[in-house]
Amino acid sequence: MAADLDGTLLNSAHELPRDFFELVERMHDMGIVFAAASGRQYYGVERLFEPVRDKMAFIAENGGIAFEKGQCVYSLPMPDEGVTEMIESARELYKDGVRILLSGEKSAYVTDSDPDFAESCHIYCARLTTLQKLTDFMGMDRIIKIALFDKNAEKLTYPAMNRFSDRYNVILSNTHWVDIVDKNVNKGNAVKRLMEKLGAGFDEAMVFGDYLNDLEMMSCCKYSFAMQNAHPILKENAAFIAPSNDENGVVKEILRHIPQLDEALQCT
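Conventions and cut-offs
- The written sequence of each chain sets the order in which its residues are numbered from 1.
- Given that the model is predicted, a residue must reach a pLDDT of at least 70 before its local features are reported, and side-chain atom pairs must reach 80 or more before they are shown or counted; all residues, however, enter totals for whole chains, interfaces and linings.
- The side-chain quantities take in all heavy atoms of the structure and omit both hydrogens and water.
- Put simply, a nonpolar core is a bunch of buried Ala, Val, Leu, Ile, Met, Phe, Trp, Tyr and Cys residues held in one set by side-chain atoms that sit within 4.5 Å of each other.
- Three labels apply to residues, based on accessible area from a 1.4 Å probe with only protein chains included: buried if under 20% of the type maximum, exposed if over 50%, partly exposed otherwise in between.
- Secondary structure is summarised from DSSP: a helix means a run of H or I of at least four residues, a strand means a run of E of at least two, and numbering begins at the N terminus for each.
- Here, any two strands with at least 2 DSSP bridges between them count as paired.
- Throughout, the arc means that of the directions going from the helix axis to the C-beta atoms.
- Contacts are assigned to residue pairs with any non-hydrogen atoms lying within 4.5 Å of each other.
- Interaxial angle, 0 to 180 degrees, is taken between N-to-C directions of lines fitted to C-alpha atoms, where a helix line uses only the stretch in contact.
- By salt bridge we mean one thing: a side-chain nitrogen of Lys or Arg within 4 Å of a carboxyl oxygen of Asp or Glu.
- For a helix, the expected span equals 1.5 Å multiplied by the residue count minus one.

*Asks:* Any details on the nonpolar core? Residues and values, ideally.
*Replies:* Phe20, Phe34, Phe49 and Phe208 are the most contacted members of the largest nonpolar core, which totals 34 residues. Elements represented by at least two residues in this core include exactly α1 (20-29), α2 (42-48), β3 (57-60), β4 (65-68), β12 (206-209), β13 (223-227) and α8 (249-257). Counting residues in each nonpolar core, the second largest holds 26 residues, with Ile87, Phe137, Leu172 and Leu212 among its members.

This is the structure:
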């Protein structure tokens, strides 16, 4: 069971569904693995799920890194030369308000402090380091994802950076962010890795998403759900449509498809 967070499992106030930790506990008891599959940094996602962190899995940075029980399961960083190339290319958009965030294994890194950019960084990053210049990351950390902040991401930054899609995975992750990762990094591949580890077949998994960084998840199993509030392209590629994130759509579909969970919750 894998769910994106923002726009999917979390409501518009960035809150988890009521009693969701209890649901994770019951899934764990039944042998069902729940994975938070996010474009966010792992350390912030782990904090969000602190009471049940040892009873679930974490797919972070759009599939670039994964953790179980506080231990890194795998990490797929970009080569330093690729990171510096993307930094230089993104700087061409600086005059248009585009800002750069580097997400590494240890921390995220910025040089700017524009109010809207800073606020968004602090929402998504529990560990954030300010550098004199972004290339100072070299020798300090391995970068998994380059995230570009743009209030008009779909119309400006995404088309501008998509010219690199032959070598990197360029992802429109929400209305304000474009993510650049290794060519083989995506949430769908990450979920497949987890399914293989668990011995789960195509019809033994459920995934939920709302934006284009969830696109590859829609084809990795039989029960793929786009939220009612999802991007139109994601809806076209999903097997099912779930109620919106503000209607508790993820939990409703989980309980509808696995009524034993609903019964277990009612008995607690």
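*Asks:* Just give me the short version of the sheet that holds strand β5 (residues 71-75), but keep the residues and values in it.
*Replies:* Taken together, the eight strands give an open sheet; going across it, the order is β5-β4-β3-β2-β1-β12-β13-β14, and neighbouring strands pair in mixed fashion. Looking at the sheet topology across the chains shown, the edges are occupied by β5 and β14 (240-242). Across four bridges, β12 lies against β13 in parallel orientation. Bridging across to β13, Val207 finds its partner in Ser224.

*Asks:* Describe in detail helix α4 (residues 115-124), supporting the description with residues and values.
*Replies:* Listed as buried for α4 are Phe117, Ser120, Cys121 and Tyr124. When α4 is viewed along its axis, its buried side chains cluster within an angular range of 105° and face the same direction. Every exposed residue of α4 that faces more than 90 degrees away from the buried side is listed here: Pro115, Glu119 and His122. Buried positions along α4 lie against β6 (99-104), β7 (108-110), β8 (128-130), β9 (143-149), β10 (168-174) and β11 (177-182).

*Asks:* Talk me through the sheet that holds β10; I want residue IDs and the actual numbers.
*Replies:* An order of β8-β7-β6-β9-β11-β10 is seen for the six strands of this open sheet, with the pairing classed as mixed. This sheet does not close on itself; its edge strands, each paired only once, are β8 and β10. Sheet twist, expressed as the average angle between the axes of neighbouring strands with direction ignored, equals 25°. With two bridges joining them, β6 and β7 adopt antiparallel strand pairing. Paired with Leu102 across the strands is Tyr109, a residue of β7. Against the sheet, helix α3 (residues 80-91) touches β6, β9, β10 and β11, its axis set at about 165° to β6.

*Asks:* Could you give an account of the pattern of salt bridges, naming the residues involved and the relevant values?
*Replies:* For the structure shown, the criterion picks out 21 salt bridges. Taking the shortest distance from any N to any O, the salt bridge between Arg26 and Asp29 comes out at 2.6 Å. Taken together, the residues Arg26 and Asp29, both in helix α1 and three residues apart, mark about one turn of the helix. Ionic pairing is found between Glu68 and Lys197, a salt bridge with its closest N-O pair at 2.2 Å.

*Asks:* Residues and numbers for helix α6 (residues 187-198), please.
*Replies:* For α6, which comprises 12 residues, the first-to-last C-alpha distance of 17 Å matches the rise-based estimate of 16 Å (1.5 Å per residue) to within 8%. Here α6 has its buried residues at Lys187, Gly188, Ala190, Val191, Leu194 and Met195. The buried side chains of α6 occupy one side of the element, clustering within an arc of 160° when seen end-on. Within α6, the exposed residues directed more than 90 degrees away from the buried face are Glu196 and Lys197.

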